[in-house]
Amino acid sequence: TILANTFCSSDDFVHEAARTTSFRTVPWTQIDVVMVSRTKDCTVNLVLESLLRVLEVRRIWLVTSASACKCSQPAQHVQCVIEDEAVPGVTLQTLQAAMIELESAGMCKTHTDTDTFTQRDTSAATDPVVGFADKSPNWFFQQFLKLGSVLSLNTSEHVLIWDADMVLLR
């Protein structure tokens, strides 16, 4: 609310943030990448290869399932982390149980389908409450893993969170 009252547009906010923030260049060799993927398939392998080829990062933290970590070929600068161990106390099961509890208390509406990402309702863009109702526990789990891993893993001071389906071209 304070920001909304202070700045008339997002452009004003960006200009003010740039003016008041001291930016410095950080070499890629000091940056860690955190990437979350339920599986390690050919797309994830391609993404890892592209990150290693184009960016010379310090380390890539791949947060994935236990079975995907077991099957992983160790690669230089890639650290595989089992998703249930990445953020202490956060697992898909505990998150799903918490969401069901909140839903039964009438505090939120959720999808409890953990097998697939659900199709988004177009009204979600205009209604902030509905915006979360269309998310599955998988979606929330992935967000917690992305952000929580930065705090719980031994990452560098500078971290880039990368989606596992985005191939870096150059």
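The structure displayed is predicted, hence computed values, not measured ones. (Residues numbered from 1 in each chain as written. Predicted model: local features only at pLDDT ≥ 70, side-chain atom pairs only at ≥ 80, totals over all residues. Heavy atoms only, no water.)

Trainee: Help me out: how do you make sense of the state of the cysteines in this one?
Mentor: Tallied over the full model, the rule gives one disulfide. Note on cysteine connectivity: C69 is disulfide-linked to C80, with sulfurs 2.1 Å apart. Since a negative S-S torsion denotes a left-handed disulfide, the C69-C80 link at about -100° is left-handed. Here C69, found in helix 4 (residues 66-71), pairs with C80, found in strand 3 (residues 78-82); they are 11 residues apart in sequence, far enough to count as distant. Of the residues examined, C69 reaches a relative accessible area of 16% and is grouped as buried. (Disulfide = S-S within 2.5 Å. Helix = DSSP H or I, 4+ residues; strand = E, 2+ residues; numbered from the N terminus. Buried < 20%, exposed > 50% of the residue type's maximum accessible area, 1.4 Å probe, protein only.)

Trainee: Looking at this structure, I do not really get the pattern of salt bridges. What am I missing?
Mentor: Oppositely charged side chains are able to pair whenever their charged atoms sit close together. In the structure shown here, the tally under the stated rule is three salt bridges. A salt bridge links D32 to R58, with the nearest nitrogen and oxygen atoms 2.8 Å apart. Of this pair, D32 sits in strand 1 (residues 31-36) while R58 is found in the loop between helix 3 (42-54) and strand 2 (59-64), placing the two residues 26 residues apart along the sequence. A salt bridge links K146 to D163; its shortest N-O distance comes to 2.7 Å. In this pair, K146 sits in helix 8 (residues 137-152) while D163 sits in strand 4 (residues 158-163), placing the two residues 17 residues apart along the sequence. (Salt bridge = Lys/Arg side-chain N within 4 Å of Asp/Glu carboxyl O.)

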